[in-house]
Amino acid sequence: MLFLYDIALGLYGLLLRLLAPFVPKAAAWVTGRRGLLAHIRQTIGADAAPRVWFHCASLGEFEQGRPLIDTYRQAHPGTKVVLTFFSPSGYEVRKNWPGADYIFYLPLDTRANARAFLDAVQPRLVVFVKYEFWYHFLSEAFRRRIPAIVVSAIFRPEQVFFKPWGGFFRKILGRFAHIFTQNEASAQLLRDAGMDRVSIAGDTRFDTVVATALAPARALPLVDAFVADGAPVLVVGSSWNEDLPVLRPLLERYGAELRVLIAPHEVTETNIRQVETTLPGPVQRYSQAEAATVAQARVLLFDNVGLLSQLYRFGEYAYVGGAFGKGLHNTLEAAAFGLPLFFGPTYAKFQEAVELVELKAAFPVRDGAELLAAFAFLWNDDAARLRLQDTILDYVHDQAGATRTIMAALRTLTPAPNENR
């Protein structure tokens, strides 16, 4: 099985190199790894400070791990943080983040790369956020007796770890000194599979979004001018083109009474133009807006990145994209401000979305007509919207605290026992 694993990863790297001339993300992935290990060795150099290595697959996992990184740094001021990303969508956005001392792409998971990377980084602790269980990196850390943990992990019965033929993949999980899961169902799956270094800590993303909601608001004068008339605001976060026809009937019906802030998931000229041509306007691009005239538009379109988490504080309602395609994006950023949520039908793998639907605080819809009906219910009953706001805020704050739980457990952490080698 290890042979097949190595072959599959080699083919994956080859495929990305073949796609690089045609696909920008593939090009960024390939370019970012050219001379990577030499760059890591040169950057860290002779720095003798103790280090901890955090790995995040992409931007969403970074936001999940961020409160733990911040808290760890505060608790261990002499320790330096090495942060790695697998995906360009995480690395390119956060490569200059001041909360880490070193930020790199993760080399492809080969035995040689794992040894060279750990020789250069020499971490005293390895933290993987949510998933991405790389065999060679974890095995090499295990061999060196460096404790590795995964935080905010979530598992489902259909995953390969729990199949009769999934022994190789269960062996990867066995390399962790401890697995901190989001929920009891995930912990029980692991226990049933013979793993006992497991505990329930919850989801560190709740800590992130609570901190964001409580932090001083970032100055956004253009948005202030856009919403100055006090009209209700719908924030559309991480929209895909598949979401736009669903939103159109809503804006046609309520556009004159509603203001809309929309932040597409991928900010490309093609996607920006798609929003402008699909949604009824007037639509104003953020990069071209002026405070004196921005209120003449009904839709403010964000053709930049990094502001979405701040936009929800302006809203009364939120629509979160992605659930008409690969999967729902971050609903917790909106929930942290108590906004009733609307999204598409593909949300079952996202625990917080399932729980918010069960609380009747989020509304999955299959088309524009269902969105219009769900929205009308709250539009016509502001008291019901305010009651939902309290329900959502209680839910978010009750779920916070995973970072504190993990930090307490780290005080007694030891490497995984030898019998799992």
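What you are looking at is a predicted structure, and each value in this text was computed from that prediction instead of being measured.

What counts, and at which threshold
All residue numbers refer to positions counted from 1 along the written sequence of the respective chain. Two thresholds apply to this predicted model, a pLDDT of at least 70 for residue-level local features and 80 or more for giving and counting side-chain atom pairs, whereas whole-chain, interface and lining totals are computed over all residues. Excluding hydrogens and water, the side-chain figures rest on all heavy atoms present in the structure. Secondary structure elements are taken from DSSP: a helix is a run of H or I of four residues or more, a strand is a run of E of two residues or more, and numbering for both begins at the N terminus. In this analysis, two residues are considered to be in contact whenever any of their non-hydrogen atoms come within 4.5 Å of each other. A pair is scored as a salt bridge if a Lys or Arg side-chain nitrogen falls within 4 Å of a carboxyl oxygen belonging to Asp or Glu. Burial classification: accessible surface area is computed with a 1.4 Å probe over protein chains only, and a residue below 20% of its type maximum counts as buried, one above 50% as exposed, and the rest as partly exposed. Residues belong to a common nonpolar core when they are buried Ala, Val, Leu, Ile, Met, Phe, Trp, Tyr or Cys residues joined through side-chain atoms within 4.5 Å. An axis is simply a line fitted to the C-alpha atoms; with a helix, the fit covers only the stretch in contact. Between two such axes, the angle follows the N-to-C directions and lies from 0 to 180 degrees. Handedness of a crossing is defined here by the sense of rotation of the near helix relative to the far one, left-handed for an anticlockwise turn of less than a right angle and right-handed for a clockwise turn. Angles are sorted into four bins: roughly parallel if under 35 degrees, roughly antiparallel if over 145, roughly perpendicular if 65 to 115, and oblique for all others.

Considering the arrangement of structural elements, one finds Ile200 in strand E7 (residues 198–200). Through-space distance from the C-alpha of Ile200 to that of Ala187 is 6.7 Å; in sequence the pair is 13 residues apart. If we skip the residues at most four places from it in the chain, Ile200 touches Thr181, Gln182, Asn183, Glu184, Ala187, Arg191 and Thr405.

Looking now at the pattern of salt bridges. The final tally for this structure, using the stated rule, is 22 salt bridges. Among the ionic pairs, Arg205 bridges to Asp203, the shortest N-O distance being 2.9 Å. In this structure Asp203 comes out as buried when scored by relative accessible area, which is 3%. One salt bridge connects Asp229 with Arg259, and the closest N-O pair in it is separated by 3.1 Å. Of this pair, Asp229 sits in the loop between helix H11 (221–226) and strand E8 (233–239) while Arg259 sits in strand E9 (residues 259–264), and the two are 30 residues apart along the sequence.

This part covers the nonpolar core. With 75 residues, the main nonpolar core has Trp53, Leu83 and Phe155 as its most contacted residues. At 6 residues, the largest contribution of residues to this core is made by helix H6 (residues 111–121). If we skip the residues at most four places from it in the chain, Phe155 touches Phe133, Phe161, Phe162, Leu173, Ile179, Ser186, Leu189 and Leu190. Listed in part, the 73 residues of the second largest apolar core include Leu307, Leu328, Phe342 and Ala361.

So, about the packing of helix H1 (residues 2–19) against helix H2 (residues 24–32). Between H1 and H2, whose axes approach to 8 Å, the crossing angle comes to 120°. The chirality of how H1 crosses H2 is left-handed. Judged by residue contacts, Tyr12, Gly13, Leu16, Arg17 and Leu19 of H1 engage Ala26, Trp29 and Val30 from H2.

Quick look at the packing of helix H4 (residues 59–75) against helix H19 (residues 402–410) now. Between H4 and H19, whose axes approach to 10 Å, the crossing angle comes to 45°. As far as their axial angle goes, H19 and H4 are oblique. In this structure, H4 meets H19 at a crossing whose hand is right-handed. Contact residues: Pro67, Leu68, Thr71, Tyr72 and Ala75 in H4; Thr403, Ile406, Met407 and Leu410 in H19.

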